[in-house]
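Okay, here's what each chain looks like letter by letter:
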There are 2 protein chains.
Amino acid sequence: MTAARMDHAGRRDRLRAAAGEQGLDAVLVTNLLNVRYLTGFTGSNGALLVRTGGADLFGTDGRYTTQAGTQVPDVELLVDRGTVGALTAAAAGVGRLGFESHDVTVDGLRALERVLEGSATELVGVRRAVEGLRAVKDDDEVDALRRACTVADQALAELAAEGALRPGRTELAVGRELDARMLSLGAESPSFETIVATGANSAIPHHRPDTTELRDGDFLKLDFGATVDGYHSDMTRTLVLGHAADWQREVYALVQASQAAGRDALAVGAEVTAIDAASRDVIVAAGHGEHFTHGLGHGVGLEIHEAPGISALGAGRLAAGMAVTVEPGVYLPGHGGVRIEDTLVVTTDEPELLTLTSKELLVL
Amino acid sequence: MTAARMDHAGRRDRLRAAAGEQGLDAVLVTNLLNVRYLTGFTGSNGALLVRTGGADLFGTDGRYTTQAGTQVPDVELLVDRGTVGALTAAAAGVGRLGFESHDVTVDGLRALERVLEGSATELVGVRRAVEGLRAVKDDDEVDALRRACTVADQALAELAAEGALRPGRTELAVGRELDARMLSLGAESPSFETIVATGANSAIPHHRPDTTELRDGDFLKLDFGATVDGYHSDMTRTLVLGHAADWQREVYALVQASQAAGRDALAVGAEVTAIDAASRDVIVAAGHGEHFTHGLGHGVGLEIHEAPGISALGAGRLAAGMAVTVEPGVYLPGHGGVRIEDTLVVTTDEPELLTLTSKELLVL
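If you're wondering where the values come from, they're calculated on a predicted model, not measured in any experiment. (Residues numbered from 1 in each chain as written. Chains lettered and ligands numbered in written order. Predicted model: local features only at pLDDT ≥ 70, side-chain atom pairs only at ≥ 80, totals over all residues. Heavy atoms only, no water.)

A. Spatial organisation of the interface of chain A and chain B. With 24 residues of chain A at the contact, the number on the chain B side is 24 residues. The largest per-residue losses of area from chain A upon contact with chain B belong to Val 106, Asp 107 and Arg 176 of chain A, which jointly make up 21% of the total buried on that side. Where chain A touches chain B, the interface holds two salt bridges. The partner of Asp 107 of chain B in a salt bridge is Arg 127 of chain A, with the nearest N and O atoms 3.0 Å apart. At the boundary of chain A and chain B, one finds 14 residue pairs in polar contact (both at pLDDT 80 or more). Sorting the residues of the side of chain A that touches chain B by element identifies helix H3 (65-71), helix H5 (106-116) and helix H8 (171-184) of chain A as the ones contributing at least two each. With four residues, H8 of chain A is the largest single contributor of residues to the side of chain A that touches chain B. Taken together, the residues of the side of chain A that touches chain B break down into eight nonpolar, eight polar and eight charged. (Contact = heavy atoms within 4.5 Å. Buried area = accessible area lost by both parts, 1.4 Å probe. Salt bridge = Lys/Arg side-chain N within 4 Å of Asp/Glu carboxyl O. Polar contact = N/O pair within 3.5 Å; in protein donor to acceptor, adjacent residues only side chain to side chain. Helix = DSSP H or I, 4+ residues; strand = E, 2+ residues; numbered from the N terminus. Nonpolar A, V, L, I, M, F, W, Y, C, P; charged D, E, K, R; others polar.)

B. Molecular detail of the sheet that holds strand E10 (residues 226-228) of chain B. Residue and element names in this part refer to chain B. Pairing is antiparallel in the open sheet, where three strands are placed in the order E7-E10-E11. Only two strands of the sheet have a single partner each, and these edge strands are strand E7 (189-190) and strand E11 (231-232). In this sheet, E10 lies alongside E7 in antiparallel orientation, the contact comprising two bridges. Residue pairing across strands places Ser 189 opposite Thr 227, the latter belonging to E10. Across the sheet, helix H7 (residues 139-161) lies against E10 and E11, angled at about 140° from E10, the strand it touches most. (Pairing = 2+ DSSP bridges. Axes fitted to C-alpha atoms, helices over the stretch in contact; angles between N-to-C directions.)

C. Spotlight on the packing of aromatic side chains. All names here are of chain A. A full pass over the atoms with the stated rule returns six aromatic pairs over all chains. Residues Phe 219 and Trp 247 carry aromatic rings whose centres are separated by 5.6 Å and whose planes lie at 85° to one another, so their mutual orientation is edge-to-face. Taken together, the positions of Phe 219 in strand E9 (residues 219-224) and Trp 247 in helix H9 (residues 246-264) put the pair 28 residues apart, joining distant regions of the chain. Here Trp 247 falls in the partly exposed class, since its relative accessible area comes to 35%. An aromatic cluster of at least three residues, connected via ring pairs, comprises Phe 41, Phe 58 and Tyr 64. The positively charged end of Arg 280 is found above the aromatic ring belonging to Phe 292, 3.9 Å away from the centroid. (Phe/Tyr/Trp six-rings, centres within 6.5 Å; stacked < 30°, edge-to-face > 60°. Buried < 20%, exposed > 50% of the residue type's maximum accessible area, 1.4 Å probe, protein only. Lys NZ or Arg CZ within 6 Å of the ring centre and 35° of its normal.)

D. Representation of the domain arrangement of chain A in the model. All names here are of chain A. Domain boundaries in chain A define domain 1 (8-133) and domain 2 (139-353). Distance between the C-alpha centres of domain 1 and domain 2: 35 Å. Contacts between the two partners involve four residues from domain 1, matched on the other side by six residues from domain 2. Across the contact surface, domain 1 and domain 2 share zero salt bridges. Here domain 1 and domain 2 share one residue pair in polar contact (both at pLDDT 80 or more) between them. A total of three residues in the side of domain 1 that touches domain 2 trace back to one element, the largest contributor, which is helix H2 (residues 32-39). (Domains from an automatic or database assignment.)

E. The pattern of salt bridges, seen in detail. Here the structure, examined in full by the defined rule, presents 56 salt bridges over all chains. With a closest N to O distance of 2.8 Å, Arg 181 of chain A and Glu 158 of chain A form a salt bridge. Highlighted residues: Arg 181 of chain A in helix H8 and Glu 158 of chain A in helix H7 (residues 139-161), separated in sequence by 23 residues. For Glu 158 of chain A, a relative accessible area of 23% corresponds to the partly exposed category. For the salt bridge of Arg 96 of chain B with Glu 122 of chain B, the shortest nitrogen-to-oxygen distance reads 3.6 Å. Taken as a pair, Arg 96 of chain B in strand E5 (residues 96-99) and Glu 122 of chain B in strand E6 (residues 122-125) lie far apart in primary sequence, 26 residues in all.

F. Representation of the packing of H7 of chain A against H8 of chain A. All names here are of chain A. The geometry of H7 relative to H8 is characterised by a closest axis approach of 9 Å and an angle of 130° between their N-to-C directions. As far as their axial angle goes, H8 and H7 are oblique. The crossing of H7 and H8 is right-handed. Residues Val 151, Ala 152, Ala 155, Leu 156, Glu 158 and Leu 159 of H7 form the contact with H8, whose own contacting residues are Val 174, Glu 177, Leu 178, Arg 181 and Met 182. (Parallel < 35°, antiparallel > 145°, perpendicular 65-115°, else oblique. Left-handed = near helix turned anticlockwise from the far one by under 90°.)

G. Quick look at the pairing of strand E3 (residues 57-60) of chain A. All names here are of chain A. On E3, burial covers both faces: Leu 57 and Gly 59 on one face and Phe 58 and Thr 60 on the other are all buried. Where strand E2 (residues 47-51) and E3 come together, three bridges link them in antiparallel fashion. Its bridge partner lying in E3, Leu 49 is registered against Leu 57. With antiparallel pairing between neighbouring strands as the criterion, E2 and E3 make up a hairpin whose turn holds five residues. Bridge count for E3 against strand E4 (residues 76-79) is four bridges, and the pairing is parallel. Looking at E4, one finds that Gly 59 is bridged to Leu 78. Taking the sense of rotation as the criterion, the β-α-β connection linking E3, H3 and E4 turns out right-handed. (Right-handed = clockwise from strand over helix to strand, strands pointing away.)

Below you can see the structure in the form of structure tokens.
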């Protein structure tokens, strides 16, 4: 199943319905990921005009005429170097035109206003309307996420089996090998800058891999993912090299229990704050609340971080089809830290686990 | 030489001087690449307040406290989850506060205005002030670009030597191998989505690699680059597999001559339109003007496309230290196309060529 076969028309209809409910005559979609979501277009310049009472219009420039014909065969095409301006001009007859106020810059809005000068069209910010739709994944999207998670699972399994995670190697070398392996397994790219953190570095939640060498008795924290058909996987595993000390086993078991509690709380209708609390309470009860310094998780899809956020500061409830991470951590500055993270899909039944690598403490 | 040792303080002073000339009291820098350029910070959330008459202030959130201390030791640090809002609040005393109107969204500006409500501070769009400074590279930046180009040169040389560019392989497989090789040679990532286009696909300027197989007698166009210390290289080479037909040799020689003319025109003070014309005239004179469908080149640095644009629609003149591409192409729809592209640095003498792979027609 490739991205080109996804149900883009259905997605545009959902946006059309939402726009109609807000009294809009059309919506100008400029965020490139939102354009991809609604059309399948993967080029670097494209925009979409969704009309509540008429045919849609997809715009790009001459570099992408052929690609647009292949990827967006079902929307009328407008080819213009000044893509957004030309689409806006095409909308100049409508009454209320929505625009993505979280995406359009201050300079960009001035350009839209110049195009509409003299027309009666009113510009109305719709903020994250498309992102709201994107939070709930359809089957094709879940399939892409599943394949992205499989690539990451397999890359880690192969590196572990080949002895690539051994004392003496640097974090940088391990990270590059993990990235290269994901590419050779079919990833378009890593989902984000791969985190490889060993020893005391594992206590830094977002450590950038450096020339620190892996050593016997140290934690090795790997946070990484693969992008497949534009969809991102996200997984963290923490291993120990050589021999695990008691304190390491204790911290690991604590995070493992917290992560299981977070996963168990993933249910349709659950408040995101309650899910964060279910996982966090386990760590707080063990006296390590101050060592869990970030939110529990986030949505994943065409972006590595998207709606819904799952944290004490979040808002809203889970719905079936949301793809989210659950990733508690305990970080002991100067010593080491553990994070365990899965990507899962919320369903009306048990959540579907997409990252299948074992979460038992692996001593390599 | 690592990015952390670059002269960030000197760059901030240049922005300070430019801001002073525009009557600004401070500039709020929110574009993350501009923040990196001015501070060395590589995290995913950071902003900078540059004051014309006082000390600067760097903001990030708690995830990056340690990293900020290492990467930005010379600027006062403000740690706040709402980074931009907190920096803006810190600026609330000043008279005229510049903001990057090409980067701040409509929603973002409203948030700034809310923070400044009740203060006498006036927000003034400075547009691409930092991008203007970034167009001229300093020695450390040229060094990073040189290393990025070396990685790309070496990756291609190794693949060619190993026989990886042979009939029967797919564009996708070649692209992934090129990407993986650049990573293993020290690239942080490819500079952009690698283009591998063979046969008729080579006539599509920005073809995405697919499952088309390489065949004897076909063109093979490779447009790719490596990112090193955040700096991007950009190179295109077009080869022929097996045996080159006369028409292929003719098109190749034409693009080669056009590219040489473009490189020869790279001089301090040259109008970007004149450089484009110098290269384009060669192709037009041969009757292929309509088959060269894009601009001649662009600046490269922390972004793969940055100032200056070199095209018939561009404006401005070259300055010493600008790093640019020269990349004419001739595309014969349905048959094949040739593009030859180098990355070079403009100097008061000859331009320095950074992409050193031979430009003679290679028949593999």
